[in-house]
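Read off the chains here:
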Amino acid sequence: MPAMHFVVCWPDGSKDTCYSPSTAIEKHLQVNHPYMLEEFVTLTVRALDEASERVKAKFGYFCSSAMDQSAAISLKAQQFSAGQRVIVETITPIPV
């Protein structure tokens with residue numbers, strides 16, 4: 001199960017490299033697509049929940065890193081207003 005990094009550009013121009021334990025993130029987010037903040041959080045939480053479920057199906061336990069990443073994204077999003085936009089700049093596999 002390939003883990004992925006995705007780089008998020010926030011409304012203030014800051015960037016975060018985020019983690020997904022599976023390729024599920026690619027099903028939910030598009031690179032270079034401007035997302036409204038609320039939509040981005042909803043899609044990302046859904047994607048990371050799915051990724052964590054994939055880990056559970058394979059290894060028998062949820063992925064705490066996916067849950068931590070989801071919480072970190074939700075927390076950071078609180079710094080901005082709902083009408084602002086977020087862009088996912090890249091989604092790439094993490095080399096093993």
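About the criteria used
- Residues numbered from 1 in each chain as written.
- Predicted model: local features only at pLDDT ≥ 70, side-chain atom pairs only at ≥ 80, totals over all residues.
- Heavy atoms only, no water.
- Pairing = 2+ DSSP bridges.
- Helix = DSSP H or I, 4+ residues; strand = E, 2+ residues; numbered from the N terminus.
- Axes fitted to C-alpha atoms, helices over the stretch in contact; angles between N-to-C directions.
- Phe/Tyr/Trp six-rings, centres within 6.5 Å; stacked < 30°, edge-to-face > 60°.
- Buried < 20%, exposed > 50% of the residue type's maximum accessible area, 1.4 Å probe, protein only.

Taking an unreviewed UniProt entry as the reference, the protein is identified by name as MSMEG_0570 family nitrogen starvation response protein belonging to Pantoea rodasii.

Caption draft 1: Up close: the sheet that holds strand 1 (residues 4–9). Here four strands make up an open sheet; going across it, the order is 2-1-4-3 and the pairing antiparallel. The open sheet is flanked by strand 2 (15–20) and strand 3 (34–36), the only strands paired with a single partner. In this sheet, neighbouring strand axes are inclined to one another by 35° on average, regardless of whether the strands run parallel or antiparallel. The pairing of strand 3 with strand 4 (residues 85–93) spans three bridges and is antiparallel. Bridge pairing links M36 to R85 in strand 4.

Caption draft 2: The arrangement of the packing of aromatic side chains in detail. What the rule picks out here adds up to four aromatic pairs. Ring geometry for W10 versus F40: centroids 5.7 Å apart, planes at 90°, classification edge-to-face. Of this pair, W10 sits in the loop between strand 1 and strand 2 while F40 sits in helix 2 (residues 37–59); the two residues are 30 residues apart in sequence, bridging distant segments of the chain. Assigned by exposure class, W10 and F40 land together as buried. Each member of the aromatic cluster is reached from another via a ring pair, and the members are W10, Y35, F40 and F80.

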